[in-house]
Amino acid sequence: ATQTFFNPNMSVADVKALVHVAMKQWPNTLKSKGTGSTFTLSGSAEGVKYTMTIQNGRVVQFYPR
């Protein structure tokens, strides 16, 4: 498997901003799934594809692919 990493120059604030960008790409899915389930979404920001897993309304994984 290929290992992916965040850019080492990114700050925590940069990652948080990317999470917000990714979440804005799926407003209807987030609304319909609600806070009682676990699901994975894929999106892109600044030309990089990301995967995000949400569990019980919280982002539990977010990483570049």
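Predicted, not measured: the structure shown is a model, and the values here were computed from it.

**Thoughts on the overall build of the protein chain**
Then, in step 1: Summing up its helical and strand segments, the protein chain has 2 helices and 3 strands in all.
Then, in step 2: Counted from the first residue to the last, the protein chain has its helices and strands arranged as α-α-β-β-β.
Then, in step 3: Its C-alpha atoms give the protein chain a radius of gyration of 12 Å, within 12% of the compact-globule value 11 Å for 65 residues.
Then, in step 4: C-alpha extents for the protein chain along the principal axes are approximately 35 × 25 × 20 Å.
Then, in step 5: Buried residues in the protein chain amount to 23% of all 65 residues.
Then, in step 6: Counted over contacts in the protein chain with a minimum sequence separation of 6, partners at least 24 positions apart contribute 28%.

**Observations concerning the pairing of strand 3 (residues 58-64)**
Then, in step 1: Pairing of strand 2 (residues 48-55) with strand 3 involves 6 bridges; the strand directions are antiparallel. The residue bridging Q55 from the neighbouring strand is R58, located in strand 3.
Then, in step 2: In this antiparallel pair of consecutive strands, strand 2 and strand 3, the connection spans 2 residues, and N56 shows a positive phi of 50°.

**Some thoughts on the sheet that holds strand 2**
Then, in step 1: Here we have 3 strands laid out as an open sheet, ordered 1-2-3, and antiparallel in their pairing. In the strand order of this sheet, the two ends are held by strand 1 (38-45) and strand 3, each with one partner. The sheet shows a mean angle of 20° between the axes of neighbouring strands, taken without regard to direction.
Then, in step 2: Across 8 bridges, strand 1 lies against strand 2 in antiparallel orientation. Residue pairing across strands places G43 opposite Y50, the latter belonging to strand 2.
Then, in step 3: Here helix 1 (residues 12-24) sits on the sheet in contact with strand 1, strand 2 and strand 3, set at roughly 100° to strand 3.

**Focus: the side chain of T53**
Then, in step 1: By the element assignment, T53 lies in strand 2.
Then, in step 2: Accessibility expressed as a relative area gives 10% for T53, which makes it buried.
Then, in step 3: With sequence-adjacent residues up to four places away left out, T53 is seen in contact with T38, F39, T40, R58, V59, V60 and Q61.

**Quick word on the pairing of strand 1**
Then, in step 1: The side-chain alternation of strand 1 yields one buried face, formed by F39, L41, G43 and A45, and one unburied face, formed by T38, T40, S42 and S44.
Then, in step 2: Between strand 1 and strand 2, which follow one another and run antiparallel, lie 2 residues, and E46 among them has a positive phi close to 55°.

So, how was this worked out
- Residues numbered from 1 in each chain as written.
- Predicted model: local features only at pLDDT ≥ 70, side-chain atom pairs only at ≥ 80, totals over all residues.
- Heavy atoms only, no water.
- Helix = DSSP H or I, 4+ residues; strand = E, 2+ residues; numbered from the N terminus.
- Rg over C-alpha atoms; globule rule 2.2 N^0.38 Å.
- Buried < 20%, exposed > 50% of the residue type's maximum accessible area, 1.4 Å probe, protein only.
- Contact = heavy atoms within 4.5 Å.
- Pairing = 2+ DSSP bridges.
- Axes fitted to C-alpha atoms, helices over the stretch in contact; angles between N-to-C directions.

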